[in-house]
Amino acid sequence: MKKLSLAICYILISVFVFAQQTFTGRVTDAASALPVPGATIVFGSSGTVVSDAAGNFSLRLTPRSYQVTITSIGYRKLQVSTAFTADTAVFKLERYDLFLQPVEIRATRAGDKSPFTVTNLVRKDIEKNNLGQDLPFLLNQTPSVVINSDAGNGVGYTGLRIRGTDGTRINVTLNGIPYNDAESQGSFFVDMPDIASSVNSIQIQRGVGTSSNGAGAFGASINIGTNEFREDAYAEINNSYGSFNTRKNTLRAGTGLLKEHFTVDARISKVTSDGFIDRAASDLGSLYFSAAYLGKKSTFRFNLISGKEKTYQAWNGILQDNLRESRTYNSAGTEKPGTPYDNETDNYQQDHYQLFFNHEFNPSLSFNTAVFLSRGKGYYEQYKAGAKYTSYGLQPAIIGNDTLTTTDLVRQLWLDNYYFGNIFSLQYKKNNTQFTIGGGVNRYNGSHYGKVIWAEQAIPKDHEWYRLSAFKTDASVYAKLQQRLAAHWDVFGDLQYRHVDYDLNGFRDNPALLIKNKYNFVNPKLGIHYNRNALNAYFSYAVANKEPNRDDFEAGTDKQPDHETLHDVELGLSKSTKAYSWGVTGFYMYYRNQLVQTGKINDVGAYTRTNIPVSYRTGLELQGSLRLNAWINVNGNLTLSSNKVKNFSEFVDDYDNGGQKVYAYKKSDIAFSPGVTGSGSLALVPFKNSELSFISKYVGRQYLDNSSNASRSLADYYVQDLRLFYSLKGKAFKSIDFIGQVNNLFNRKYEPNGYTFSYVSGQALQTENYVFPMAGINWMIGFNINL
């Protein structure tokens, strides 16, 4: 508890404030003199502020002259030198005669007066953390987030949970286009290496949130945007190097606005790492290309986002009891006699093609549509010792007088898929009314097949022992209305209809099982928002429904899973000023028929998820920030929650007598749902163009299953990082940035992820826990040149 107090005490610190005065200003339209809300005003390295609804802003500054940069969507950038004055300064922005707003992003995001729990990150927040680790690690400081990494250092396969909600229940969109895998419903960010280098903004919605496209948002959603306009030409070379031979090399450039209509942005990246875990190496490459035509009333944009990954498998974990002997042991590849198999790897390429059209009919009415194709193909390769011929569709081999029933072999399990579709939105905004109609339809065509590429005896090369197809259609439509009722009060209504059609033609271990299921979901959301004098309050109630994953259907024709339903209530209160901000959110998430692992065996002897009638999450999220003066900033958040399953039955294999034993629990904790999470940062500016940040994270105990058994859990942990940033300005270049970061400064040994299974043997319950250790103290340095 002392460490937790240390992690969040930053938001409670109070120190003396150095002599500063308040600079006030107003941003207006140069032609009409109307206020420009939401403009970003940057006072060099001394502070950044955003104009309010009346175009006003204020910031505490040391009296002197400042180089001020002001930007706002739809306006030309303004750069002026201004002296500190006691009077209100007025800055006038000239409009672009172009339609610049990325409507496809705005359609699915929650606005500043929407009654939902959100965190917004802008490019500046993302860039200072981007040293090569995967996207979940860049979100680690946001509320209620827990991250993990198979390789132990954030490169390769990574994951995150939000309020205990795993990746298969987090809706992810890329420029409004669905990103979740259609079958598993998870998001594999390893397939988009270094996507953070092309991201302009991210919005995280906790809870059900507003209606989105694609997979059901069953506890959280992440909306990633890359389509924002950049006025000036730029070129950047970003390089980083660190522990475990981790390297990131990125080259990115953009033309800015050409001939008042065209822009082109491009990036290539290479990320490699040996990983903290033995042989958990990653070799990742990516390409980003975006070209746009910007007209007075219309815009066209084409994106190509390509990623290719090769990672040595590290998804087996390490037996928890063996951690003291070796925290880096990797069992993958060890079925091969002698040295581990050197190509026990996962190999996958994913290419995203996105074509957008936005049109403004008039200042109040705009339209967006986009078509997309995501093409994925790849395999993972494994060495299997003593594999049965019958498991590969073959009869035992007869060689001379010997009959062989097993052989060593190397196999590849392939996935070959196309995911394509369309999204659209029509948005009306005038006076006190905002109305949006939107939706989309997408289709997934997938092929699963397996090949034996080598066998010690009697299997021909490239023998294919299964080929199965899977299809899924997902169509939805939503309508959203935000209406000003009276001064300071807005109401919000959102209604979504979603249709899902599964057509699954068998499974690898059960090829004769054919699934044809249809789902029709209605997801309503209602809420109210209050805003006055920087004080915001909101209340919302939302319903989400979610279909099972592909693997859930392998339970068999007589044990088909039901869909899941979530009722979410959010109540929030916050206040934000130039010197400080604070917020508190209360939430209650009530689940019906949530699918969880119970240990129960399905028709083919495999463990599968089972619907449980009632479970819930309830808690408080606290946030705060304090700008003590021009060189001290403090931020922190803390989540306290209770996450329970009611009337849970655990099934355990009985090796003594056969069958399974059942253990009943009246109320127990939901797996991987810590009761406490918190993070904090203390940022110091020791001298101009520099920042020294102390970054902390605390995660409470996590249970590996739903039994609340401490012997099947992950210990709580507190991790402290240290980051130093320095920017050198020049005439031949915009800046050269140096970033140095030490992760896990106190060398804490911790494991944020794992799995467990139990069995009865020798008349006693036996448990084996497998965990995924994170690296001890490690470091990264970055060197970025901005031309």
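Refer to the structure presented above.
Here the structure is a predicted model, which means the values were calculated and not measured.

A. Molecular detail of the overall build of the chain. Counting secondary structure elements, the chain contains four helices and 44 strands. Counting across all 787 residues of the chain, residues that qualify as buried make up 53%. In the chain, once contacts between residues fewer than 6 apart in sequence are set aside, the share between residues at least 24 apart is 65%. Here the chain has roughly 32900 Å² of accessible surface; of this, 56% comes from carbon and sulfur atoms. Each charge sign in the chain was given a centre, from 80 positive and 70 negative side chains, and these centres are 8 Å apart.

B. Examining the nonpolar core more closely. Ranked by internal contacts, the top residues of the largest apolar core, which has 32 residues, are Leu160, Ile162, Ile202, Ile222 and Ile224. In this structure Ile202 touches Arg109, Thr119, Asn120, Leu121, Ile126, Leu135, Leu139, Ile222 and Asn223, once residues within four positions along its chain are discounted. Ile41, Leu59, Val68 and Leu93 belong to the second-largest nonpolar core, a separate cluster that totals 18 residues.

C. Spotlight on the packing of aromatic side chains. Summed over all chains, the structure comprises 37 aromatic pairs. When the centroid spacing of 5.1 Å and the interplanar angle of 75° are considered together, the rings of Trp465 and Tyr466 count as edge-to-face. Classification of Trp465 as buried rests on a relative accessible area of 15%. Tyr466 gets classed as buried once you look at its relative accessible area, which sits at 11%. Ring-pair connections join several aromatic residues into one group, and the members of that group are Tyr655, Tyr755, Phe757, Tyr759, Tyr770 and Phe772. Positioned over the ring face of Tyr234 is Arg230, at 3.9 Å from the centre of the ring. A cation sits over an aromatic face here: Arg467 above Tyr449, 4.0 Å from the ring centre.

D. Main features of the sheet that holds strand β4 (residues 56-61). With mixed pairing, the three strands of this open sheet are ordered in space as β4-β1-β7. At either end of the open sheet lies a strand with only one pairing partner, and these are β4 and β7 (89-93). The sheet shows a mean angle of 30° between the axes of neighbouring strands, taken without regard to direction.

E. Broad picture of the side chain of Asp552. In this structure, Asp552 sits in the loop between β30 (535-546) and β31 (564-576). Relative accessible area serves as the criterion here: at 3%, Asp552 is assigned to the buried category. Of note is the side chain of Asp552, whose polar atom sits 2.8 Å from the backbone nitrogen of Asn549. Discounting chain neighbours no more than four positions away, the residues touching Asp552 are Pro561, Leu595, Thr608 and Arg609.

Cut-off values and rules
- Residues numbered from 1 in each chain as written.
- Predicted model: local features only at pLDDT ≥ 70, side-chain atom pairs only at ≥ 80, totals over all residues.
- Heavy atoms only, no water.
- Helix = DSSP H or I, 4+ residues; strand = E, 2+ residues; numbered from the N terminus.
- Buried < 20%, exposed > 50% of the residue type's maximum accessible area, 1.4 Å probe, protein only.
- Contact = heavy atoms within 4.5 Å.
- Areas by Shrake-Rupley, 256 points an atom, 1.4 Å probe, with all protein chains shown as cover.
- Lys, Arg positive; Asp, Glu negative; His and termini not counted.
- Charge placed at Lys NZ, Arg CZ, Asp CG, Glu CD.
- Core = buried A, V, L, I, M, F, W, Y, C linked by side-chain atoms within 4.5 Å.
- Phe/Tyr/Trp six-rings, centres within 6.5 Å; stacked < 30°, edge-to-face > 60°.
- Lys NZ or Arg CZ within 6 Å of the ring centre and 35° of its normal.
- Pairing = 2+ DSSP bridges.
- Axes fitted to C-alpha atoms, helices over the stretch in contact; angles between N-to-C directions.
- Polar contact = N/O pair within 3.5 Å; in protein donor to acceptor, adjacent residues only side chain to side chain.

This is a description of form; function is not addressed.
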